[in-house]
Amino acid sequence: MRQIVQTGTPHEMGLQHGAAFADVIPAAVKRFALDRGSRTPHGRRVIRQVERNLERVFPESLEELHAIATAADVNYDDLLAYNSCQEISRSRVECTNVALADTPQGTIHFKSNDVTADMQQYHVYQEVHPERGHAYIGVTYAGTTWLNAGVNEAGLTYGGSSIPNNDSDWDGIPTNTALRYYLQFADSVDAVADLVARTPIMNHGCNLMFTDPSGAAIVVERSPTRTAVRRIDSHTIWNTNHFLTDEMQEVLNNDGGAAAQNSRDRFTVLERLTAEQPHSLEQLMRIARTHTEPASICRHDELAQSIMGYIMIPRERKLLVSFGYPCQNEFEAFTFTKTPAAAAS
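If you're wondering where the values come from, they're calculated on a predicted model, not measured in any experiment.

Draft legend 1. Fine view of empty space enclosed by the protein. Within this structure, the stated rule accounts for two cavities of 30 Å³ or more. As a volume, the largest cavity reaches approximately 290 Å³. Along the walls of the largest cavity sit 24 residues, with V93, Y141, S162, N176 and H204 positioned nearest its centre. Ranked by the residues each element gives to the lining of the largest cavity, the list is headed by strand β7 (residues 157–163), at four residues. Per-class residue counts for the lining of the largest cavity are twelve nonpolar, ten polar and two charged.

Structure below.
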């Protein structure tokens, strides 16, 4: 997996990112923006609204995108459309998250990345030391200010699972950009729960799992118009691609189809897999690699492919990455190579 260390101002970080991945960003722009109608009147309206909203909420991301576009030699509007692709036209993205408490490493957090097989080529590893906010390590898509999964210098981890919601807020920012925002500007589970509730998102609902070094773990059920929080019980918490709380059911688009059933089947499987105690890192790796009925956690099915897996260890500020199906690949360990102070000097 390709890697980069980014430091400095948003403009400087964008130039670093764009130059490092200039060979792949144009293909990603085509795949996620140009091939999805980003230059239609609807697409143009959406990206101008996204731009206004980001300028209000997270202007650093726009500075970074302008610099990425310059360094990668792509059109800025097309790059913004790529970063707003789920707001222009929703596509099904799935994923699973599990946290286990009381392991020798403390609470640990797994996220699968369940998308389509061709998306693996766009994933890159980042170590980011921004001018403002927390440094973090994580995986994202080349050419974006998104975050797929990661851990920040305070030990706060993030991993999410998409939701088929039916509401929107056109004053919100792209959810994928907000994910990076949460890790950059929160330092604990309680702080991030408050930040999620205060940050408007436009279109893309999610179950957001966060853990921190204290052992806390939550799932924030978030749609553009509603928020609810589930907290870890005595030993585990998990989520798939549906809401559990009563207050979120009205905005859940449960069509009763194959994807909805798969989400519920994975949820049931995880109830069985997490019951084994004592918990351990090895157990979480086994969960990540599980193939079983009625639904596998490591997916190779017609709905989604588990092209990557992530395990985050808050106390150690460590990210383990399976680049490819977890059942076929080892988890490679990443942690900070620079302290924030060293990166800033």
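Now, onward.
Draft legend 2. Molecular detail of helix α4 (residues 59–72). The end-to-end C-alpha separation of α4 is 20 Å, in line with the 20 Å expected for 14 residues at 1.5 Å each. Among the residues making up α4, those that are buried are E60, S61, L62, E64, L65, A67, I68, A69 and A72. Residues of α4 that are buried make contact with β1 (3–8), α1 (10–20), α2 (25–32), α3 (41–57), α5 (76–83) and α7 (175–185). Where α4 terminates, the next one or two residues include D73, which has phi positive at roughly 60°.

Draft legend 3. Examining the layout of surface pockets more closely. One number sums up the size of the largest pocket: a volume of about 390 Å³. R92, I163, P164, N253 and A259 are, among the 21 residues lining the largest pocket, the residues nearest its centre. For the lining of the largest pocket, the secondary structure elements donating two or more residues are β7 and α9 (258–273). Ranked by the residues each element gives to the lining of the largest pocket, the list is headed by α9, at five residues. In the lining of the largest pocket, the residues fall into seven nonpolar, nine polar and five charged.

Draft legend 4. Looking closely at the packing of α3 against α5. Look at α3 against α5: their axes get within 10 Å of each other, and the N-to-C directions meet at 80°. The angle between α3 and α5 falls in the class roughly perpendicular. Contact residues: R44, I47, R48, V50, E51 and L54 in α3; Y76, D77, D78, L80 and A81 in α5. A class-by-class count of the residues in the contact of α3 with α5 yields six nonpolar, no polar and five charged.

Draft legend 5. Examining the sheet that holds strand β6 (residues 149–152) more closely. Pairing within the open sheet is mixed, and its eight strands lie in the order β1-β4-β5-β6-β7-β8-β9-β10. Every other strand in the sheet has two partners, leaving β1 and β10 (227–231) as the edge strands with one partner each. Averaged over all adjacent pairs, the angle separating strand axes in this sheet is 25°, with direction ignored. Bridge count for strand β4 (residues 123–130) against strand β5 (residues 136–141) is six bridges, and the pairing is antiparallel. Paired with V124 across the two strands is T140, which belongs to β5. Contacts from helix α8 (residues 189–198) reach β8 (205–211), β9 (217–222) and β10, with the element oriented near 5° to β9.

Draft legend 6. Up close: a negative patch on the surface. On the surface, a cluster of negative charge is contributed by E12, E55, E63 and E131. On the secondary structure map, E131 appears in the loop between β4 and β5.

Calculation notes
- Residues numbered from 1 in each chain as written.
- Predicted model: local features only at pLDDT ≥ 70, side-chain atom pairs only at ≥ 80, totals over all residues.
- Heavy atoms only, no water.
- 1 Å grid on protein atoms, 1.4 Å probe; cavity = no way out; pocket = protein on both sides within 12 Å on 5 of 7 lines; lining within 4 Å.
- Points joined across faces, edges and corners; volume = space filled by probe spheres on them.
- Helix = DSSP H or I, 4+ residues; strand = E, 2+ residues; numbered from the N terminus.
- Nonpolar A, V, L, I, M, F, W, Y, C, P; charged D, E, K, R; others polar.
- Expected span 1.5 Å × (residues − 1).
- Buried < 20%, exposed > 50% of the residue type's maximum accessible area, 1.4 Å probe, protein only.
- Contact = heavy atoms within 4.5 Å.
- Axes fitted to C-alpha atoms, helices over the stretch in contact; angles between N-to-C directions.
- Parallel < 35°, antiparallel > 145°, perpendicular 65-115°, else oblique.
- Pairing = 2+ DSSP bridges.
- Patch = residues over 30% accessible without salt bridge, like charges linked within 9 Å, V, L, I, M, F, W, Y side chains within 5 Å.
- Areas by Shrake-Rupley, 256 points an atom, 1.4 Å probe, with all protein chains shown as cover.
- Salt bridge = Lys/Arg side-chain N within 4 Å of Asp/Glu carboxyl O.
- Lys, Arg positive; Asp, Glu negative; His and termini not counted.
- Charge placed at Lys NZ, Arg CZ, Asp CG, Glu CD.

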